[in-house]
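Residues per chain are reported as follows:
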Amino acid sequence: MLKKLKTIRMKLLVMLTHNVALPLLKIFRKTKRFPYTMEEIGGFDQGTLGKDLHDFLAKKQLRLLPHYTRHDLKHILLRYDTTEKGEACLQCFMFGNGRVSFPVLATVLYAFLTMPEYWEDMKLAYRQGREATPFHHWPWNQLLHAKTDNLRSIIFKQQSNGND
């Protein structure tokens, strides 16, 4: 029964995200279209955010969504999986990091109401977001050739090893 409930819950989250939130975001948030194809980012240097995006999408068998790449880049930088727990924690982290938007608030509220088994993980993600360097304003398309580990070091306020 619990497994069936989790399946329904995840399908609802995916449906709300892809069939409601994404179309609304395209209307209300005028994000720049992602300037690269999947093949182009596959040719980026190993260890860069662009190449890691390619590998992440390929491993997860996801397609490149031109108006949604920032979300996928956050999955990579924060190391949250694309599971319902990972999505909930990602949005809790972003909320803690100062990102207050309809998609973030809606996902956090949905997760809080329907995923009590992840409350501790969500609380931890929120706290980690509060302690991290705010990054939701970054110029994402300009960072695709940057080393992913260096970007993580900035977010988590660690010393970079100097290998840009």
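Overview of the structure. Here the structure is a predicted model, which means the values were calculated and not measured.

1. Structural notes on the packing of aromatic side chains
- All told, the structure shown has 10 aromatic pairs when counted by the stated rule.
- Measuring from ring centre to ring centre gives 5.1 Å for Tyr36 and Phe44, while their planes differ by 85°; the resulting arrangement is edge-to-face.
- With relative accessibility at 9%, the residue Phe44 sits in the buried group.
- Connected via pairs of aromatic rings, a cluster forms that spans Tyr80, Phe93, Phe135, Trp138, Trp140 and Phe156.

2. A closer look at the nonpolar core
- Of all hydrophobic cores here, the largest spans 36 residues; its most connected members are Leu53, Leu78, Phe93, Phe135, Trp138 and Ile155.
- Taken together, the elements giving at least two residues each to this core come down to α2 (38–42), α3 (49–60), α4 (69–78), α5 (84–96), α6 (102–114), α7 (119–131) and α8 (148–155).
- A per-element tally of this core places α5 first, with 6 residues.
- Once you skip the residues sitting within four places of it in the chain, Phe93 turns out to touch Leu78, Tyr80, Ala125, Tyr126, Gln128, Gly129, Ala132, Phe135, Ile155 and Phe156.

Conventions used here
- Residues numbered from 1 in each chain as written.
- Predicted model: local features only at pLDDT ≥ 70, side-chain atom pairs only at ≥ 80, totals over all residues.
- Heavy atoms only, no water.
- Phe/Tyr/Trp six-rings, centres within 6.5 Å; stacked < 30°, edge-to-face > 60°.
- Buried < 20%, exposed > 50% of the residue type's maximum accessible area, 1.4 Å probe, protein only.
- Core = buried A, V, L, I, M, F, W, Y, C linked by side-chain atoms within 4.5 Å.
- Helix = DSSP H or I, 4+ residues; strand = E, 2+ residues; numbered from the N terminus.
- Contact = heavy atoms within 4.5 Å.

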